[in-house]
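For reference, the chains in residue letters:
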Amino acid sequence: MDIVYYIVLVPMVYVACVIFVVGTVVRLVKLFMTPKHSATLQIFPERRPRWLWALGDAFLLPATRRYKPFFWVVLMLFHLAFLLLIVGHIELIAEIKPFQVIPHEVFLGRGFVGLVLALAVLYFLFRRFVSPTKDLSVPEDYYLLILLFLSVLFGSQMDWARRWYGYDSLSAADYREYLSGLLYLRPHVSIDLTASGHSFMLLLHVFFANLFLLFLPFSQLMHSIFSLPMNKLRRG
Amino acid sequence: MDTKTRDELLKLFQSKLNQTMRLYLETCTRCGICTEACHAYASMGQVRYISAYRHEIVRRIYKRYFKGRGKLWPSVGEAKELSETALDELYEAAYSCTGCRRCMMYCPFGIDTQMLMSIAKLLLVGAHAEPEILTMLADTSIEKGKSLDIFKESFLAGIKRLEAEVVKKWRIEAGKKAIPIDVEGADLLYVALAGAHSIIPAAAVFNAAGEKWTLSFFEAVNFGAFVGDPTRTRLILDRIINEAKRLKVKEVCICECGTAFRTMKQMSGKQPFEVSAITEVHARYLRAGRIKVDKSRFKKKPITYHDPCQIARNAGVIDEPRYILRHLTDDFCEMSPDPRYNWCCGGGGGLVALGEDNLDFRMKSARVKVDQVKATGAEILTTACENCHTQLSNLNDHYKMGVDVQFLSSMVADALVQ
Ligand code: SF4
Ligand code: SF4
């Protein structure tokens, strides 16, 4: 079993990260080296400064708020929670002073951020089982959401265990030791990490997160990067 | 479909793959936010008319031939072979889309369905499966550009017959031509449609404003753009560009034709002349006091205005028609609180040019437009696009809306004060 833990927690993480970074860079370079469309694709009336309106469109989704307000709320909560979880993971690698302007225990949000994210992903998933979104969806849309849900669920479960049911056999310090080891290329999987009652959760969380990272650069999830330039095209 | 044909079609597909197109093809999350955006879906409730459903048909072929994932694991993205069936689906998607770009307003990433449908249309042209009538009309326009001398005499004779009608609307000084043609050094080249309704009122207004203008030999409409053929689109444009350069005009004014205006404005590249829509020119004359109109002409008739998608949302002529209408009436009612979200009339993208063939679809798919017009309570429904005018007139007859559908330029000409 130890070998499975090791493979998932160390080499697979490295492979996933390398493919994620290289895949993303290659895709961006290839894309941005392709010639641009020569004519404008602007929608009118024009609003200036265009980049500011494009930023607003990309991050605040005004049309979605107007036409699908409930979906908009879920989308906003999802993206906010996702951002907070990224911050949480960075804080798990090392203590970052500026993040502690509001003093908090790692992770932010007392376990509720993960809960919100998990519920939002479930909502995204279930709406794909209902027409007309069902008729638009293809298998990868479901796979990605399922992967994300599993990763969030097992990851949050570790947070919930510490916060909500006082199960603290794995502490933030244990995770920090593991993650910083990975970052500084001195991977070390301590016995505490693999022998605790929650180790299996960690294994599954990392496994699904790896798969998600592996898939991400080749999927429509790149909208996280493309959204802004595309909105700029619409604003002219 | 044989391999050679498929390879040729894929080459055409490849020719469309610029950066923007790739972004549009690779970013859609199939979130369905655009579901209610399309008038065809909103009116008919059929999934195939959702904009994302339309572009997914193009996207699946893209994945199959241009993305590694589509080659290695096609089922995950439902990548699809380019086949005869796929061509049928492309036809259905492209020729039920008016290219109004209303859905682009809904999409969080601003995906442009009209652009994606241009791939579908080009593949259909490559497979000789496009609506023949559009190609035929495009080729006739191109032919006219190539051999103008053959058409010239009959054109001039036809125009001569219209001059008396122009003078009825606006008296001109003796010796002056009511419809000047081929005038080198004129300030403005007016590009009309093949029809008196597009020439007489415009000529009267130009003469009333004391404009130094000249009429183009060519008609403005660009069937190459409707059929989605970039080569034909360019050739049709070039006829007018060359004429404008030859006559050394400062401005090319496009008649009430949305596609003609947008194509000339946005696709002609940098030119030594300005491009304007006739609505912009009329608003300019009113602002400068070069023409005056009589408000009592349309008294007691509430008026509403349909923003042609290619002129308003897609080319920015939004305030000008309203400025003109403020001079024509005190009883103007807006159709939509935000012109960007105005419903398309359902006639663009070459659909009107297909005539009776798709009349049933055009009527059914524009029910939301009819509801929008009715809600205004207007008696006069005005617009500034030939396609929209035809479609709105058809809707008026079909749904017995009881409105009087008018061109905005004709209303200006009718209300001119001598
Ligand atoms: S709103 Fe945009 S991203 Fe969502 S399904 Fe429609 S086109 Fe795709
Ligand atoms: S461009 Fe207009 S007609 Fe085409 S899918 Fe979008 S909303 Fe519908």
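None of the values given here were measured: they were computed from a predicted structure. (Residues numbered from 1 in each chain as written. Chains lettered and ligands numbered in written order. Predicted model: local features only at pLDDT ≥ 70, side-chain atom pairs only at ≥ 80, totals over all residues. Heavy atoms only, no water.)

1. What about the overall build of chain B?
When you go through chain B residue by residue, the secondary structure sums to 20 helices and eight strands. Relative to the 2.2 N^0.38 estimate, which gives 22 Å for 418 residues, the radius of gyration of chain B is 22 Å and therefore close to what a compact globule would have. In terms of its C-alpha atoms, chain B occupies a principal-axis envelope of roughly 75 × 50 × 35 Å. Across the 418 residues in chain B, those meeting the buried criterion constitute 65%. Carbon together with sulfur atoms contributes 52% to the accessible area of chain B, which is approximately 15,900 Å² in total. The distance from the centre of the 59 positive side-chain charges to the centre of the 51 negative ones in chain B is 3 Å. (Helix = DSSP H or I, 4+ residues; strand = E, 2+ residues; numbered from the N terminus. Rg over C-alpha atoms; globule rule 2.2 N^0.38 Å. Buried < 20%, exposed > 50% of the residue type's maximum accessible area, 1.4 Å probe, protein only. Areas by Shrake-Rupley, 256 points an atom, 1.4 Å probe, with all protein chains shown as cover. Lys, Arg positive; Asp, Glu negative; His and termini not counted. Charge placed at Lys NZ, Arg CZ, Asp CG, Glu CD.)

2. As for the overall build of chain A
The helix and strand inventory of chain A stands at twelve helices and zero strands. Its C-alpha atoms give chain A principal-axis dimensions of roughly 60 × 40 × 40 Å. Of all 236 residues assigned to chain A, the portion counted as buried reaches 47%. As displayed, chain A offers around 12,300 Å² of accessible surface, 74% of which is attributable to carbon and sulfur atoms. Of the side-chain charges in chain A, 21 are positive and 14 negative, and the distance between the mean point of each set is 17 Å.

3. A short note on the packing of aromatic side chains
For the structure shown, the criterion picks out 28 aromatic pairs over all chains. Ring pairing ties together the aromatic residues A:Phe70, A:Phe71, A:Phe78, A:Phe82, A:Tyr123 and A:Phe124, which thus form one cluster. The ring of B:Tyr65 carries the charged tip of B:Arg64 above its face, separated from the ring centre by 4.9 Å. Taking NZ or CZ as reference, B:Arg102 lies 3.7 Å from the ring centre of B:Trp343, over its face. (Phe/Tyr/Trp six-rings, centres within 6.5 Å; stacked < 30°, edge-to-face > 60°. Lys NZ or Arg CZ within 6 Å of the ring centre and 35° of its normal.)

4. Points about the sheet that holds strand E4 (residues 274-277) of chain B
All names here are of chain B. As summarised here, the arrangement of the four strands in space is E2-E1-E3-E4, forming an open sheet in which the pairing is parallel. Looking at strand neighbours, the two that pair on one side only are strand E2 (213-215) and E4, the edges of this open sheet. Pairwise comparison of adjacent strand axes, ignoring direction, gives a mean angle of 25° for this sheet. Relative to strand E3 (residues 251-254), strand E1 (residues 188-191) is paired through four bridges, and the arrangement is parallel. Within E3, the residue paired with Tyr-190 across the bridge is Cys-253. (Pairing = 2+ DSSP bridges. Axes fitted to C-alpha atoms, helices over the stretch in contact; angles between N-to-C directions.)

5. Focus on the interface of chain B and chain A
Taken together, the contact pairs 55 residues of chain B with 48 residues of chain A. In total, about 4,400 Å² of surface goes out of reach between chain B and chain A, with carbon and sulfur atoms giving 61% of it. On the chain B side of the interface with chain A, the three residues burying the most area are B:Gln19, B:Leu23 and B:Arg30, jointly 16% of the side's total. Taken together, chain B and chain A are joined by seven salt bridges. One salt bridge connects A:Arg66 with B:Asp338, and the closest N-O pair in it is separated by 3.6 Å. The interface formed by chain B and chain A includes 18 residue pairs in polar contact (both at pLDDT 80 or more). When residues in the side of chain B that touches chain A are grouped by element, the largest group, seven residues, is from helix H2 (residues 19-27) of chain B. (Contact = heavy atoms within 4.5 Å. Buried area = accessible area lost by both parts, 1.4 Å probe. Salt bridge = Lys/Arg side-chain N within 4 Å of Asp/Glu carboxyl O. Polar contact = N/O pair within 3.5 Å; in protein donor to acceptor, adjacent residues only side chain to side chain.)

6. Examining the site of ligand 1
Close to ligand 1 lie B:Cys28, B:Thr29, B:Arg30, B:Cys31, B:Gly32, B:Ile33, B:Cys34, B:Ala52, B:His55, B:Cys107, B:Pro108 and B:Phe109, which account for all nearby residues. Across the shell around ligand 1, the residue classes break down as eight nonpolar, three polar and one charged. (Near = heavy atom within 4 Å. Nonpolar A, V, L, I, M, F, W, Y, C, P; charged D, E, K, R; others polar.)

7. A short note on the pattern of salt bridges
Two side chains bearing opposite charge may form a pair once their charged atoms approach each other closely. Tallied over the entire structure, the rule returns 44 salt bridges over all chains. Note that A:Lys68 is salt-bridged to B:Glu36, the shortest N-O span being 3.0 Å. Linking A:Lys68 in the loop between helix H4 (62-67) and helix H5 (69-93) with B:Glu36 in the loop between H2 and helix H3 (39-44), this pair reaches from one chain into another. A salt bridge links B:Arg367 to B:Asp371; its shortest N-O distance comes to 3.2 Å. Separated by four residues within a single helix, B:Arg367 and B:Asp371 lie in helix H18 (residues 367-376), roughly one turn from each other.

8. Observations concerning the side chain of A:Lys68
Taking the relative accessible area as the measure of exposure, A:Lys68 reaches 18% and is therefore buried. Polar contacts involving the side chain of A:Lys68 include one to the side chain of B:Glu36, which spans 3.0 Å.

9. Observations concerning the side chain of B:Glu243
All names here are of chain B. Tracing the sequence through the fold places Glu-243 in helix H13 (residues 230-247). Buried charged residue Glu-243 carries no salt bridge. Nearest counter-charge: Arg-246, at 4.4 Å. A polar side-chain atom of Glu-243 sits 2.5 Å from a polar atom in the side chain of Ser-216.

10. Some words on H2(B)
Every α-helical turn comprises 3.6 residues, leaving residues that sit three or four positions apart pointing alike. Where burial is concerned, most of H2(B) is hidden: nine out of the nine residues are buried. Of the positions making up H2(B), those classed as buried are B:Gln19, B:Thr20, B:Met21, B:Arg22, B:Leu23, B:Tyr24, B:Leu25, B:Glu26 and B:Thr27. Residues of H2(B) that are buried in the fold lie against helix H2 (11-33) and helix H12 (223-235) of chain A together with helix H1 (3-15), helix H4 (51-66), helix H7 (102-106) and helix H8 (113-126) of chain B. The opening residue of H2(B), the one whose side-chain oxygen lies 3.2 Å from the backbone nitrogen of B:Thr20, is B:Asn18.

11. With respect to the domain arrangement of chain B
Residues and elements named next belong to chain B. The domains assigned to chain B are domain 1 (3-130), domain 2 (133-287) and domain 3 (295-414). Residue-level contacts link 21 residues of domain 1 with 21 residues of domain 3. A combined buried area of about 1,700 Å² lies between domain 1 and domain 3, and 61% of that area is made up of carbon and sulfur atoms. Here domain 1 is connected to domain 3 by zero salt bridges. (Domains from an automatic or database assignment.)

12. Thoughts on the nonpolar core
B:Phe13, B:Ile179, B:Tyr190, B:Leu215 and B:Leu328 are the most contacted members of the largest nonpolar core, which has 204 residues in total. Among the elements that make up this core, the one with the highest residue count is helix H8 (residues 139-164) of chain A (nine residues). Setting aside its immediate chain neighbours within four residues, B:Leu215 contacts B:Phe155, B:Ile159, B:Ile179, B:Pro180, B:Ile181, B:Asp182, B:Leu189, B:Tyr190, B:Ala192, B:Ile199 and B:Glu243. (Core = buried A, V, L, I, M, F, W, Y, C linked by side-chain atoms within 4.5 Å.)

13. Details of the sheet that holds strand E5 (residues 303-306) of chain B
Residue and element names in this part refer to chain B. Ordered by their spatial adjacency, four strands build an open sheet running E6-E5-E7-E8, and the pairing between neighbours is parallel. Two strands bound the open sheet, and with one partner strand each, they are strand E6 (332-333) and strand E8 (404-407). Taken together, the two bridges between E5 and E6 define a ladder with parallel strand orientation. Counterpart to Thr-304 in the pairing with E6 is Cys-333. Packing against the sheet, helix H16 (residues 319-328) makes contact with E5, E6 and strand E7 (380-383), and its axis sits at approximately 165° to E5.

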